[in-house]
Amino acid sequence: MKQEKYEQKIKKKYGVTKEELKDLSISKIKNLKVKEKNLQKENSKFKLVRKPIKTIVKGATIGASVAGVVNTVFPNLVPVLGTHLNALSNNSNTSKIFNDLLLSSAPVDIISGYGIIGIGGAIGVLSYSTYKLIKITTNNLSIISDRRKAKKLSK
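(A) Spotlight on the packing of aromatic side chains. All told, the structure shown has 1 aromatic pair when counted by the stated rule. For the pair Tyr128 and Tyr131, a centre-to-centre distance of 5.8 Å together with 40 degrees between the ring planes defines the contact as tilted. With Tyr128 and Tyr131 both in helix α8 (residues 108-153), this residue pair falls 3 residues apart, about one helical turn. Its relative accessible area of 15% is what places Tyr128 among the buried residues. Given a relative accessible area of 44%, Tyr131 falls into the partly exposed group.

(B) Region of the structure containing helix α7 (residues 93-105). Taking 1.5 Å of rise per residue, the 13 residues of α7 would be expected to cover 18 Å, and the 18 Å separating its terminal C-alpha atoms lies within 8% of that figure. Within α7, only 1 of the 13 residues are buried, which leaves the element largely exposed.

(C) Expanded view of helix α1 (residues 2-14). Here α1 is 13 residues long and its end C-alpha atoms lie 18 Å apart, about the 18 Å a rise of 1.5 Å per residue gives. Taken as a whole, α1 has its buried residues at Tyr6, Ile10 and Tyr14. The arc that holds the buried residues of α1, viewed along the axis, is 40 degrees, so those residues lie on one side. Residues Glu4, Lys5, Gln8 and Lys12 are exposed on α1 and point more than 90 degrees away from its buried face. Just beyond α1, the residue with positive phi is Gly15, at close to 80 degrees.

The rules behind each value
Residues numbered from 1 in each chain as written. Predicted model: local features only at pLDDT ≥ 70, side-chain atom pairs only at ≥ 80, totals over all residues. Heavy atoms only, no water. Phe/Tyr/Trp six-rings, centres within 6.5 Å; stacked < 30°, edge-to-face > 60°. Helix = DSSP H or I, 4+ residues; strand = E, 2+ residues; numbered from the N terminus. Buried < 20%, exposed > 50% of the residue type's maximum accessible area, 1.4 Å probe, protein only. Expected span 1.5 Å × (residues − 1). Arc of directions from axis to C-beta.

Dropping the structure here:
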């Protein structure tokens, strides 16, 4: 029962039997998993350059858009946080006054607009890259586990 269920899973996931799966390398198993021709073409050409750049751009786009929404909903967020951090700092009173004047001298959109979108983009790159790394790692671990189980069950 357990073996039949596993064989069906392997057949559905990779399109081969467990005997064929046990002898394949991980890269060949990955190629079996990729079924669309567009993905195969993308993976074959400039794979080492395209994937990291694509991940960075997508992460920066997501982060900047979220930061833009936050900046639209809370436009005074950066000046308020800046004055709060300035008040908590151990600087002298003259430097605190100077920092407060700097934060209040320019319009809010100039102070917080580009800065918050840049920070959001950087956070987006880090978080999305981490997500993709974890996703790729778990996918590879799943493939390795399936191959080990196929070898074990075919003995």
